[in-house]
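Observations on the three-dimensional arrangement
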Amino acid sequence: REGLVALLIKGLLRILSWGYAVGIGIVGWMYHSRIRKEHRAPVPVISVGNITLGGTGKTPFTMFLAEYLLQSGRSPAILIRGYGEDENRMIKDTLADVPVFVGQNRLASARSAAGNGCDVLVLDDGFQHRKLARDLNIVLVDSVRFFGNESLFPRGTLREPVSSLERADILVLTKVDQLDELERERASEKLKGLSKGKSVVQMRHKPFFLNDVTGGAYQVDSIKNEKVCLVSGIVDPDYFAFLIKGLGAEIVSRFDFDDHHQFTRVDMMKVYKRALETKADKIIITKKDHVKIKDLDVPEIEEKLFVLDIVLDIVKGRERLIAGLNSIMAGNRA
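What comes next concerns the included structure. Keep in mind that what you see is a predicted model, and the values were worked out from it rather than measured.

Things to note about the pattern of salt bridges
Under the defined criterion, the tally for this structure stands at 24 salt bridges. For Glu87, the salt bridge is made with Lys288, and the minimal N-O distance between the two is 3.4 Å. With Glu87 in helix α3 (residues 85–94) and Lys288 in helix α8 (residues 287–293), the pair connects residues that are 201 residues apart, well separated along the chain. Taking the shortest distance from any N to any O, the salt bridge between Lys175 and Asp142 comes out at 3.2 Å. Within this pair, whereas Lys175 is found in the loop between β6 (170–174) and α5 (181–194), its partner Asp142 is found in strand β5 (residues 136–142), the two being separated by 33 residues in sequence. In this structure, Lys175 and Asp142 share a single accessibility class: buried. One salt-bridge network, in which partners are shared between bridges, spans Asp142, Arg145, Lys175 and Asp236.

Laid out in structure tokens, this is it:
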């Protein structure tokens, strides 16, 4: 925003971000000087994180890694803080064979997981959690938003300075289907430069199936030329809309709630009313939001309600990611 008031607010936020930067610098220096110590888990740890405030797809990527490890014959566990109850439930609903350990004390969770027979741990949103040592540090970067205005919180969306990317082992450029090939390569080269040559993987979210409330699955191209109403409580609803548009549907209305929104019957009845007014054939929600909406008593809406199920598709750099995973599974711990 422009104007004197906006300028004053931005100035205040800038000053606060300087204090935030000092705090981050002190914490980093304490770990570098070993005043604060990193503690090793009994088994390998893979961290999935970012340096911005949400929206990069950390939890879906965490699930992607856990599923790969499970299919490779390992016994993975996922460690999460538990702030986003919707994400916790989504993990448990999708990966029933992968135990989830919830708690802010990641070291205690890691020891519990290892003590229960898990032989590799995936740390969700773990880049800033320095106390638990990790054997593979993976950082996700949104291909369109990148680092926003490249300012630290609260003036911008950065949780750490961009220079912290040097701690990463692998960088994952997410949602690259929004860029053309030349733009993807430019973004990848920029990340390599900022991280001093670390490997960059390019990834997109690929629509897989549409599921109705009974669990029935439908091909995603079944909504081609249909009118749809979108409902989401995520950081990046525009990407959700981008995926739906890519399937050939006409979006006649959208409800973009805040991230982690706790849906109510009133919310969904407003959605239903709008769907009727706009003659929408379907109401489409994200899998993350479905874990909260499915517990609501809204029988009126069930006939129109569908969940978009996505899979992560690695466009480029898969061999680099697999090599990193295989290395630590072979016992080459950091």
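Some thoughts on α5
With 14 residues, α5 extends 20 Å between its outermost C-alpha atoms, agreeing within 8% with the 20 Å of an ideal straight helix rising 1.5 Å per residue. Three or more residues of α5 are buried, namely Arg184, Ala187, Ser188 and Leu191. For α5, the angular spread of the buried residues around the axis is 100°, confining them to a single face. For α5, the exposed residues lying more than 90 degrees away from the buried face are Leu182, Arg186 and Gly193. Residues of α5 that are buried in the fold lie against β5, β6, β7 (199–212) and β12 (305–316). For α5, the side-chain oxygen to backbone nitrogen distance between the N-cap and Leu182 is 3.2 Å, and the N-cap itself is Asp180. Positive backbone phi, at 60°, marks Lys196, one or two positions downstream of α5.

Focus: helix α9 (residues 318–329)
Every α-helix carries 3.6 residues per turn, so stepping three or four residues along brings you back to the same face. Under the 1.5 Å per step criterion, the end-to-end length of α9 is 17 Å for twelve residues, consistent within 8% with the ideal 16 Å. Every buried residue of α9 is accounted for by Leu321, Ile322, Gly324, Leu325, Ile328 and Met329. Summarising the axial view, the buried residues of α9 lie within an arc of 155°, below the 170-degree limit, and thus occupy one face. Those residues of α9 that are buried are in contact with β1 (45–49), α2 (58–71), β5, β6, β7 and β12. Positive backbone phi, at 100°, marks Gly331, one or two positions downstream of α9.

Quick look at the pairing of strand β10 (residues 250–256)
Pairing between strand β9 (residues 227–232) and β10: six bridges, direction parallel. What sits directly across from Cys229, in β10, is Ser253. In this fold, the crossover linking β9 to β10 by way of helix α6 (residues 237–246) has right-handed handedness.

Regarding a nonpolar patch on the surface
A surface patch of nonpolar side chains, about 350 Å² in accessible area, is lined by Leu4, Leu7 and Leu8. Assignment of secondary structure puts Leu8 in helix α1 (residues 4–32). Since its relative accessible area comes to 56%, Leu8 is described here as exposed.

Overview of the nonpolar core
In terms of nonpolar packing, the biggest core is built from 23 residues, with Ile46, Phe61, Leu65, Ile138, Val172, Leu321 and Leu325 touching the most fellow members. Contributing elements (two or more residues each) for this core: β1, α2, β4 (120–124), β5, β6, β7, β12 and α9. Counting 18 residues, the second-largest nonpolar core is a separate cluster that includes Val139, Leu158, Val162 and Ala187.

Quick look at the pairing of strand β11 (residues 282–286)
With five of five residues buried, β11 lies mostly within the body of the structure. The side-chain alternation of β11 yields two buried faces, one formed by Lys282, Ile284 and Thr286 and the other by Ile283 and Ile285. In this sheet, β11 lies alongside β9 in parallel orientation, the contact comprising four bridges. Paired with Val231 across the strands is Ile285, a residue of β11. Summarising the sheet, β11 and β12 pair through four bridges and their orientation is parallel. Within β12, the position partnered with Ile283 by the bridge is Leu305.

Reading guide: rules and limits
Residues numbered from 1 in each chain as written. Predicted model: local features only at pLDDT ≥ 70, side-chain atom pairs only at ≥ 80, totals over all residues. Heavy atoms only, no water. Salt bridge = Lys/Arg side-chain N within 4 Å of Asp/Glu carboxyl O. Helix = DSSP H or I, 4+ residues; strand = E, 2+ residues; numbered from the N terminus. Buried < 20%, exposed > 50% of the residue type's maximum accessible area, 1.4 Å probe, protein only. Expected span 1.5 Å × (residues − 1). Arc of directions from axis to C-beta. Contact = heavy atoms within 4.5 Å. Polar contact = N/O pair within 3.5 Å; in protein donor to acceptor, adjacent residues only side chain to side chain. Pairing = 2+ DSSP bridges. Right-handed = clockwise from strand over helix to strand, strands pointing away. Patch = residues over 30% accessible without salt bridge, like charges linked within 9 Å, V, L, I, M, F, W, Y side chains within 5 Å. Areas by Shrake-Rupley, 256 points an atom, 1.4 Å probe, with all protein chains shown as cover. Core = buried A, V, L, I, M, F, W, Y, C linked by side-chain atoms within 4.5 Å.

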